[in-house]
Amino acid sequence: MSDPVVYSSHGPVAVLRINNPPVNALSVAVRQGLEEGMTRAETEAGIKAVVIVGEGRAFIAGADITEFGKPPMSPALPDLCTRIEASPLVVIASMHGVSLGGGLEVALSAHYRIAQPDARVGLPEVHLGLLPGAGGTQRLPRLAGAEKAIDLCTTGRQVGAEEAQALGILDKVTSGDPQEVGIAYALDLIAANAPRRPVSELPAAAPIDWDATYDGVMKKGRGQISGGAAVRAVQAASELDFTAGMARERELFMDMLASDQSKGMIHAFFNERAVSSLPELKGIAPRPLQTIGVIGGGTMGAGIATAALLAQMQVVLIETGEAQASAARERIEGNLAGALKRGKINQAQYDALTTTALTVAINYDSLADADLVIEAVFEDMAVKKEVFGKLDAVCKPGAILASNTSYLDVDEIAAATSRPADVIGLHFFSPAHVMKLLEVVVADKAAVDVVATGFALGKRLGKISVRAGVCDGFIGNRILAVYRTAADHMVLDGATPYQIDRALTDFGFAMGPFAVADLAGLDIGWMTRKRKAPHRHPAERVPTYIDRLCEQGHFGRKTGEGYYLYEKGRRASVPNPKIPELIAAEQADLKITPRDFTDQEIVTRYMCAMVNEAAKVVEEGIARRPADVDMVLLFGYGFPRFRGGPLKWADLQGLDTVLENIERFAKDDAWFWQPSTLLKTLVAEGRSFDDLN
Ligand code: HSC
Ligand code: NAD
């Protein structure tokens, strides 16, 4: 392996070139290399300036995240930054690609910063449940002011070179080879006799209303704590001298590093990348993908078509009649207009996407050239089979036939064709052009390159793709059905839907289960209950109070009335006064005396139901690994990222505690609370879900 930092000298300028692919993370070897390089430059005769530059696609992407939680290795990054800044030579960072987290902190410890026009900088530690820990919270406010520093530290957003220069982070923006540009800048500085310029010696940032800022950041973080810690660190930069401020930053950083939240978010960081790499797909070439067919242009079909268009694919969408076809086109145009408004595409792109790239037809023959067709018609097996029969007849050999079904058996759908090896499930989430999750449902007979193509499509659409096996609801909807039921049981026993929603949003969920049900449409659950009623076990508790509302034609947000009332155009939801009456009536029928629930008990029951079913999904091989389940919940179901996913949450609680709770709940309802065998085995063996990842 080549040296992680390569030293070279160019007249009076020494260059330290970081070479640690893929993104020049600051591993211990890089830190040592930089320290040695600084010492060498300082001792080599005639050297007046040092340029730090990165090889490959980035300057430095930050601290090496894989080292977190391991024993610290010297030099620590904050000490290295202090050492760089204290050098008697003039130090220049020449930046390209991204300079993130510790990468930007190294640059801030240089005396001058020059960057390429397309360079981007940021302090994304907040996305790992951390705050900048190598002086970022102390040096950045001295350059950009407290408010801007807090913005960067608490949003983690990346800023382009132009904005970074306006913020005082960059001194100069010049295009060219980063090393050459850096050396030229160093020579200019030497010629001008420019002084060393340590940021730590600049005046501290003016104070702001720290408490109000802290409160605002904590509110936005919905339970995440690291943003607030970053505010306090920036406050220290304003109120304390530099050394004391650094000590405060270190203390806050170490607190965050020890928190469950950073463990959850680091788990998410690595696993959102790991889920899509399946060993059996290594070296398997996906089939070509240029033209995508979509059957049905309702909510999902229109969203899927939009996603494919935004990914520069040709789309042919089939509807049942002219009216449905124009409604589908309108939905897609509406979605694309949203993308135009948000600046994701420009007017010329909008025009091209809605004309040459999109065909809406009512004749299946238009699918003759499609490489992959995704069916998104009504959730009805007979309709799906009919559609797949037609696709089988018109699609070219090798075309992949996919279903976006939420619950139905993909093996059975595949069997309705003469080419089951070409059939898979591609389960998108609503709105399909926004939600990041894609479940690639691998039917029994699916060919391996068909699966590889499903993942390739997910990548092209910018999705997090997770492999799922065939069962009722695959990974996500199957688990959802169970934790939703746990919430329903609590309603029967005395908690209100509104208390449950609030307890769970306080826990960090984007929405509570009843607000979600209103959004998805209450008719879906109503139909599912009716479908399952004939096969239901007598011990199963299924509340039906909400069916009374559905019988009156109220299906949630789309009809203006559900668990909540929705005034036209308003999102804010008001509890529906009919709901407590309907619940009370059902409790009276069932002779239930309602009891009080604490928010804590609500969260415990909800989470234990989720974990137990998730464990069964892993145990049955529907999900390959616990982390696959975690990513499904994170990217498809609004699970709080700072908790890492349900099975990471369970690990952090202690699996013995989770199992004890489940066994305690089972005393009252042994049918619902049947502990997963995998969970019991892990507890018996003293292992965690993470051990299986
Ligand atoms: C930090 O810097 C903390 C400091 O403030 C203080 C530390 C002080 C400690 C003091 C103690 C006393 N490390 O995303 P990609 C891997 S926190 C290790 O697919 P892209 C990644 O896992 C850090 N590995 O590529 C993947 O590996 P795989 C703050 C890292 O082009 C591969 O690189 N920085 C890594 O789409 C390619 O990644 C961040 O949070 C890292 N820092 O995006 C930046 N970064 O191939 C996080 C990446 O095996 N990284 N890898 O799957 C990113 O946002 C993106 O990776 C990039 C590249 C935008 C850099
Ligand atoms: P929808 O009712 O909004 O749209 C269905 C569309 O299919 C309608 O426009 C209808 O005209 C069209 N259609 C029906 N039969 C057809 C046929 N034979 N040929 C062509 N078009 C036909 O339904 P949706 O919410 O978009 O759901 C579609 C599928 O996606 C279902 O299988 C559903 O379970 C699944 N799904 C839905 C969601 C969701 O949140 N809505 C999420 C994931 C998956």
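Model, not experiment: these values are computed from the prediction.

**Student:** Could you give me a rundown of the domain arrangement of the protein, with the residues and numbers involved?
**Tutor:** Taken domain by domain, the protein consists of domain 1 (5-258), domain 2 (289-468) and domain 3 (476-692). Inter-centroid distance (C-alpha atoms) of domain 2 to domain 3 is 30 Å. Facing 12 residues of domain 2, the contacting portion of domain 3 comprises 12 residues. Counting the surface lost from both domain 2 and domain 3, the interface buries some 1,100 Å², and carbon and sulfur atoms represent 62% of this. On the surface where domain 2 and domain 3 come into contact, there are 0 salt bridges.

**Student:** With reference to specific residues and values, describe the site of ligand 1.
**Tutor:** Neighbouring residues of ligand 1: 27 residues in total, closest Arg57, Gly102, Glu105, Glu125 and Arg273. Between ligand 1 and Arg273, the relevant distance is 2.8 Å, taken from an oxygen atom to a side-chain nitrogen or oxygen of the residue. Coverage of ligand 1 by the protein chains reaches 71% of its 1,100 Å² of free accessible surface. Put simply, the parts of the chain that give the shell around ligand 1 at least two residues each are β5 (98-100), α3 (102-109), α10 (242-257) and α11 (260-274). Take the shell around ligand 1: its biggest share by element is 3 residues, from α11.

**Student:** Outline the site of ligand 2, supporting the account with residue identities and numerical values.
**Tutor:** Neighbouring residues of ligand 2: 23 residues in total, closest Met300, Glu319, Glu379, Lys384 and Ser406. With respect to ligand 2, the backbone of Thr299 contributes an N or O atom lying 3.1 Å from an oxygen atom. Contact between ligand 2 and Lys384: an oxygen atom at 2.5 Å from a side-chain N or O atom of the residue. Of all elements in the fold, only α12 (299-310), α15 (381-394) and β15 (423-428) reach the threshold of two or more residues within the shell around ligand 2. The class makeup of the residues in the shell around ligand 2 is 9 nonpolar, 11 polar and 3 charged.

**Student:** Which residues make up the packing of helix α26 (residues 646-653) against helix α27 (residues 655-666), and what values go with them?
**Tutor:** It is the contact of α26 with α27, at a shortest axis distance of 5 Å, that shows an interaxial angle of 100°. By the criterion of interaxial angle, the relationship of α26 to α27 is roughly perpendicular. Judged by residue contacts, Trp649, Ala650, Asp651 and Gln653 of α26 engage Leu655, Thr657 and Val658 from α27. Grouping the amino acids of the contact of α26 with α27 by side-chain chemistry returns 4 nonpolar, 2 polar and 1 charged.

**Student:** Tell me about the pairing of strand β1 (residues 5-10), and name the residues and values.
**Tutor:** Here 6 bridges tie β1 to strand β2 (residues 13-18), and the two strands are oriented antiparallel to one another. Looking at β2, one finds that Val5 is bridged to Ile18. Between the end of β1 and the start of β2, which pair antiparallel, lie 2 residues, with Gly11 showing a positive phi angle near 65°.

**Student:** Please give an account of the sheet that holds strand β7 (residues 120-122) that cites residues and values.
**Tutor:** Taking strand neighbours across the sheet as the criterion, the 3 strands line up as β5-β7-β8 in an open arrangement whose pairing is mixed. At either end of the open sheet lies a strand with only one pairing partner, and these are β5 and β8 (158-160). Direction aside, the axes of adjacent strands within the sheet are offset by 20° on average.

**Student:** Go over the packing of aromatic side chains with me, naming the residues and quoting the values.
**Tutor:** Within the structure shown, the criterion is met by 16 aromatic pairs. Between Phe509 and Phe639, the ring centres sit 5.2 Å apart and the planes meet at 85°, which makes this aromatic pair edge-to-face. Of the two residues, Phe509 sits in the loop between α19 (497-507) and α20 (513-520) while Phe639 sits in the loop between α25 (626-636) and α26, which places them 130 residues apart along the sequence. A single burial state applies to Phe509 and to Phe639, both of which are buried. Aromatic side chains Phe672 and Trp673 sit 5.0 Å apart centroid to centroid with 90° between the ring planes, which places their arrangement in the edge-to-face category. Look at Phe672 and you get buried, because its relative accessible area is 16%. On the accessibility criterion, Trp673 (4% relative accessible area) is buried.

Rules behind the numbers
- Residues numbered from 1 in each chain as written.
- Chains lettered and ligands numbered in written order.
- Predicted model: local features only at pLDDT ≥ 70, side-chain atom pairs only at ≥ 80, totals over all residues.
- Heavy atoms only, no water.
- Domains from an automatic or database assignment.
- Contact = heavy atoms within 4.5 Å.
- Buried area = accessible area lost by both parts, 1.4 Å probe.
- Salt bridge = Lys/Arg side-chain N within 4 Å of Asp/Glu carboxyl O.
- Near = heavy atom within 4 Å.
- Polar contact = N/O pair within 3.5 Å; in protein donor to acceptor, adjacent residues only side chain to side chain.
- Areas by Shrake-Rupley, 256 points an atom, 1.4 Å probe, with all protein chains shown as cover.
- Helix = DSSP H or I, 4+ residues; strand = E, 2+ residues; numbered from the N terminus.
- Nonpolar A, V, L, I, M, F, W, Y, C, P; charged D, E, K, R; others polar.
- Axes fitted to C-alpha atoms, helices over the stretch in contact; angles between N-to-C directions.
- Parallel < 35°, antiparallel > 145°, perpendicular 65-115°, else oblique.
- Pairing = 2+ DSSP bridges.
- Phe/Tyr/Trp six-rings, centres within 6.5 Å; stacked < 30°, edge-to-face > 60°.
- Buried < 20%, exposed > 50% of the residue type's maximum accessible area, 1.4 Å probe, protein only.

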